[in-house]
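# Secondary and tertiary structure notes
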Amino acid sequence: MRNLSEAIRVSEAWETFIKQKYGDNFSSKETNDFRDYEAASELQPTVANLYKENHEKQTLEHVLKQKEKYNGLTHGEMGIWEALEVLNTLVDESDPDTQMTQIMHALQSAEAARRDNQPRWMILVALIHDLGKYLFFLGEPQWTVVGDTFPVGCEFSKEIVYHKYFEKNPDFNHPEYSSRYGIYTPHCGLDKIHMSYGHDEYLYHVVKDFLPPEAAFIIRYHSFYPCHTSGQYSWLLNEHDVKMMKWVKIFNQYDLYSKAEEAPNVEDLKPFYLDLIREFFPDKIKW
């Protein structure tokens, strides 16, 4: 089976948690098989190609343009379950661990959180965390929709997957953007950081007014693997970020490890999740 490269290893604590929780019968896919991008380069070349384009084009200039384009939520109105059904035709090209459609992954994640008796808001986050991929249906290419996220306007950490592809990014050798802090100051806080643009940032603005702060933080930073898994960019985090990041780590087990489970029955689960959605959201929200 595959081995994780050092740059993308899952922390020992989370691997121990999963083994204790599921034992030897967890899945034919072992926990240390997840996020193996070295193997993905050979077996799923679309993953490497996606990250190559992402790393070459995710510049500070690009991010600022995308924020201006989408943060105003002027791209229609739609309900949460409706959005899940729209995304059911999308398979994430950046993910080496699943070829399931988005609604299947959403329900896998949510059901895993539900079995652990997580708060209802956490179960909801597990269900909706990838809905920002609606950007794809607004005409955006996958390189600016999916994949791990990272700060722009400062040095690209070597712990980011496929770091070598940054060499052709216009910001890579920029005199300011290539420095440790770049345009930021030490421990300024993530809310002052421009992250590579994708579904995390977009969905955060769509749902932040309806959810608890912990839920909104998870949605905004759940793809920030260089930080919450590899420990990078701690020099930019403030005390609030450190406290909130624990929730991202809890959520991550449901996002990552649930991909090994069987496909859920959508129709059987739909009534429960429609009730959960109504608890937090109106029938239609702006996108």
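Residues numbered from 1 in each chain as written. Predicted model: local features only at pLDDT ≥ 70, side-chain atom pairs only at ≥ 80, totals over all residues. Heavy atoms only, no water.

Right, let's get into the UniProt feature "binding site: substrate" (unreviewed entry) in the protein. The UniProt feature table records "binding site: substrate" (unreviewed entry) at R35, D92, E93, S94, K133, G147, D148, H222 and S223. Of note, S223 is situated in the loop between α9 (213–221) and α10 (225–228). Exposure remark for S223: the relative accessible area of 6% places this residue in the buried category. (UniProt positions renumbered as here; feature names shortened; annotations may be inferred. Helix = DSSP H or I, 4+ residues; strand = E, 2+ residues; numbered from the N terminus. Buried < 20%, exposed > 50% of the residue type's maximum accessible area, 1.4 Å probe, protein only.)

Here we take up the environment of Y202. Inspection of the secondary structure assignment puts Y202 in helix α8 (residues 199–207). Taking the C-alpha atoms as reference points, Y202 and G72, separated by 130 residues in sequence, lie 9.9 Å from one another. Residue contacts for Y202: discarding those within four places in its chain leaves Y70, L73, G132, Y134, L135, L138, Y197 and W287. (Contact = heavy atoms within 4.5 Å.)

Looking now at the side chain of H163. Mapped onto the elements, H163 comes out in the loop between α7 (120–128) and α8. Among the polar contacts made by the side chain of H163, one reaches the main-chain carbonyl oxygen of F156 at a distance of 3.2 Å. Residues in contact with H163, not counting those within four places in the same chain, are H55, F156, S157, K158 and F172. (Polar contact = N/O pair within 3.5 Å; in protein donor to acceptor, adjacent residues only side chain to side chain.)

Next up on the list: the UniProt feature "binding site: Fe cation" (unreviewed entry) in the protein. Under the local residue numbering, the UniProt record ascribes the feature "binding site: Fe cation" (unreviewed entry) to H105, H129, D130, H199, H222 and D255. Locating H199 in the fold gives a position in helix α8. Residues in contact with H199, not counting those within four places in the same chain, are H129, D130, G132, K133, L135, V145, V146, H222 and S223. For H222, the location among the structural elements is in the loop between α9 and α10. With residues near it in sequence (within four places) discarded, H222 still touches H129, D130, H199, D200, H228, V248, F251 and D255. At 3.4 Å, the side chain of H222 and the side chain of D130 are in polar contact.

Further remarks concern the nonpolar core. Judged by nonpolar contacts, the single largest core of 83 residues is most densely connected at L127, I128, F281 and W287. Here this core takes 8 residues from α7, the largest share from any one element. Residues in contact with I128, not counting those within four places in the same chain, are I80, L203, V207, L211, I219 and F281. (Core = buried A, V, L, I, M, F, W, Y, C linked by side-chain atoms within 4.5 Å.)

The subject of this paragraph is the packing of aromatic side chains. Considering all chains together, one arrives at 16 aromatic pairs under this definition. Seen in terms of ring centroids, F136 and F137 are 5.3 Å apart; in terms of plane orientation they differ by 90°. Their pairing is edge-to-face. Residue classification places F136 among the partly exposed residues on the basis of a relative accessible area of 34%. Measuring from ring centre to ring centre gives 6.4 Å for Y202 and W287, while their planes differ by 50°; the resulting arrangement is tilted. Placement of the pair is Y202 in helix α8 and W287 in the segment after β2 (285–286), with a sequence separation of 85 residues. (Phe/Tyr/Trp six-rings, centres within 6.5 Å; stacked < 30°, edge-to-face > 60°.)

Our focus in this paragraph is the packing of α7 against helix α12 (residues 266–280). At a closest axis distance of 10 Å, the pairing of α7 and α12 adopts a crossing angle of 110°. Looking at the two axes, α7 sits roughly perpendicular to α12. For the pair α7 and α12, contact is made by R120, W121, I123, L124 and L127 and by F272, Y273, L276, I277, E279 and F280, respectively. In terms of residue class, the contact of α7 with α12 is built from 9 nonpolar, no polar and 2 charged. (Axes fitted to C-alpha atoms, helices over the stretch in contact; angles between N-to-C directions. Parallel < 35°, antiparallel > 145°, perpendicular 65-115°, else oblique. Nonpolar A, V, L, I, M, F, W, Y, C, P; charged D, E, K, R; others polar.)

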